[in-house]
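Structural description and commentary
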Amino acid sequence: MLIAWKYRERNTVIQRLDPRARLIFMLSVLVSVIQFWDLRIILGFLTVALGQYFLAKLTWRETRRPWLLMGCIIVFLTFLTFLTGRGGVGTAYHEEHLLARLGPLSLPIVGWSFTLDVTAEKTVFAISQMVRMFAITAIAITIPYTIDPSLYGVTFRGLGLPDKFAYAMDLAFRYVPTLGRDFSITLDAQRARGYEVEKLSGGIISQIRKLAPLLVPVTINAIVGAEDVIDAMDLRCFGIGPRTWVRELKYGRADRALIVVSVLIFAASTATSIMGYGRLWVPGFVLAWAGG
Amino acid sequence: MTKKLIGWLVVMVAFIAIMLLANVLLGPDADKLQGVYWIVFTAIAVVILIVLYLISADNKAWEVGTRQVVYMAIGAALYGVFNWIFNTIPMPSVSQVALRPSVCIPIFFGYVFGPVVGFFTGAVGNIIGDFLTGWGVYPAWDIANGFMGLIPGLVLLFADKKRSLNFLTIVFGVLTLGVAALIFINPKVVGPWTGEIEDFSFWAWAFLIGGAVVIAGRFVLERINEDLAAVNIWGSLGIILGIGYAALADIWINGYSLATALIGEFAPAAGPNILNAMILVPILLGAYQAVQARIGR
């Protein structure tokens, strides 16, 4: 089984930036965008996120699958919130202007009947919610495609994580191809014995239980093999002193500028939010449509 | 090390105090800080973990040596690879119960190798899985997966597993009774679907019966093997708290209603995960104990 990282070298502006600065930027945008329900501000964050996405030269072809999956989840959960109608009540808005009343509608199977009030606030809240989730997705989705997995250990060390944890992270990324190969060998061996993972029969408990022949050998084999690695590391006095890393990361001028921008975005967003700005904004024409 | 942790603790407490102070100073409009509640929420979770660590810092469960570093790496890599594989291979599913066998990995690693290994396995494994599939980075869900591994690892804080089971059963019983009592005291609340006042006392009975079944199950499993009973209860608690944390965080992050968080996220994720874990973790644990007895480590 080929374990392929989504990362590849693209020589873009985004990839030339220090991964530490990029992670700080991502977290800053994430914790900033969640402070607002004003669609105009959220669209600003979406623009920033999409700007990063396009500067990274990611194509629709390579990101299609996660976009479609995340898109389905976002649309479904937004619709569910819209249907239940309680997402923004009491937090993002307190009064509602009725646009239309649907119903009484009845839910299949359970037979519950309810009336769906489509209000200006509820509708704009759903749109803002959807745009906000797409902004978060756009900022998050770029990371795996543009940061070299072999830099993760040194990146997190540089962000203040202790040596042992940073090393464990580095080691975990290195283990992935080995364990992928082990899984592939186990799967082939079980298939040779007539095991078909695609055609598990029986009830749900039986089906889950039948996955054990795949899961258990790979896990136990990895644990047994780990003992040799532990011995080797102990013999080399692992963890006695501070570590050095094969690849060093150094902040450039652009990285420092990005960190300053990230801090400013977070500080400005928090101050704006605390001052009471950035709450749900309902366009005048929608209110006029509702007769408000 | 302890000084550093106390420093962090002071920073976190100060941060929360400032937020609460700002909330008070800004008047009765509590929603002014609505956007930053999630940060406070996460900070509180971190503070709880640090306090938990500080009060049991002498316990060997928190030790991070070479063995733990290697098991953290292997656990995270396994969880990431399994997440990717079982998302890629077309798997059968029954009704709403998805076959997600990888969930047993953080629970198993947490229970066997301790809370630090469990947390790392869940959190970093989830990041690796998302990296392999190209889905991005979602901190709340990464932390939630970490909790799924950390909580079963807390069993190592108890010298005696039977005592841990008794403690957990009491906690579980008190929580169940508390929730049921709260519903009985105030059974009529706004319904998530209809928006009208509804009687929810049925759920109090559901909690009481469900709680009784879980507690009875603990005593039945304990007769077969103490570890099986322990890993199932600790694992289920880990999943409920972990997924619960992520689902609740999404109320602030994504603006879901409580109903959406519970129906759209918590129930479809926690239910199948518990079922997958309850079947596969004991099998994995049995195999590990057999190997452990053979190699003597």
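Reading guide: rules and limits
- Residues numbered from 1 in each chain as written.
- Chains lettered and ligands numbered in written order.
- Predicted model: local features only at pLDDT ≥ 70, side-chain atom pairs only at ≥ 80, totals over all residues.
- Domains from an automatic or database assignment.
- Contact = placed C-beta atoms within 7 Å.
- Nonpolar A, V, L, I, M, F, W, Y, C, P; charged D, E, K, R; others polar.
- pLDDT = per-residue confidence, 0-100.
- Helix = DSSP H or I, 4+ residues; strand = E, 2+ residues; numbered from the N terminus.
- Expected span 1.5 Å × (residues − 1).
- Buried ≥ 20, exposed ≤ 12 C-beta atoms within 10 Å, placed from the backbone.

1. What to know about the domain arrangement of chain A
Residue and element names in this part refer to chain A. Split into domains, chain A comes out as domain 1 (13-153 + 251-289) and domain 2 (162-235). Spacing between the C-alpha centres of domain 1 and domain 2 amounts to 36 Å. On the side of domain 2, five residues touch domain 1, which itself brings four residues to the contact. Residue classes in the side of domain 1 that touches domain 2 are distributed as two nonpolar, two polar and no charged.

2. Quick word on the confidence of the model for chain B
Residues and elements named next belong to chain B. Of the residues in chain B, 78% have a pLDDT of 70 or more, and the chain-wide mean is 78. Across chain B, helix H4 (residues 104-113) holds the top mean pLDDT of 95, while helix H1 (residues 2-25) sits lowest at 55. Predicted confidence for residues 23-33 stays below pLDDT 50, and this span has 10 contacts to residues more than four positions away or in other chains. Across residues 93-97 the pLDDT falls below 50, and counting only partners more than four positions away or on other chains, this stretch makes eight contacts in the model. Confidence estimates for the predicted assembly give a pTM of 0.81 and an ipTM of 0.80.

3. Focus: the interface of chain A and chain B
Counting residues at the interface gives 74 residues for chain A and 71 residues for chain B. Secondary structure elements with two or more residues in the side of chain A that touches chain B: helix H2 (19-33), helix H4 (60-84), helix H5 (120-146), helix H7 (163-192), helix H8 (204-209), helix H9 (212-235) and helix H10 (253-274) of chain A. When residues in the side of chain A that touches chain B are grouped by element, the largest group, 14 residues, is from H9(A). The class makeup of the residues in the side of chain A that touches chain B is 48 nonpolar, 17 polar and nine charged.

4. Details of the environment of Ala267(A)
Relative to the assigned elements, Ala267(A) resides in helix H10. In sequence terms Ala267(A) and Ser32(A) are 235 residues apart; their C-alpha atoms lie 8.5 Å from each other.

5. Some remarks on helix H7 (residues 161-185) of chain B
Residue and element names in this part refer to chain B. Taking 1.5 Å per residue, 25 residues should reach 36 Å; H7 reaches 35 Å between its end C-alpha atoms and fits that length. Regarding H7, the residues found buried are Leu165, Ala180 and Ile183. Buried-residue contacts for H7 involve helix H8 (201-224) and helix H9 (226-253).

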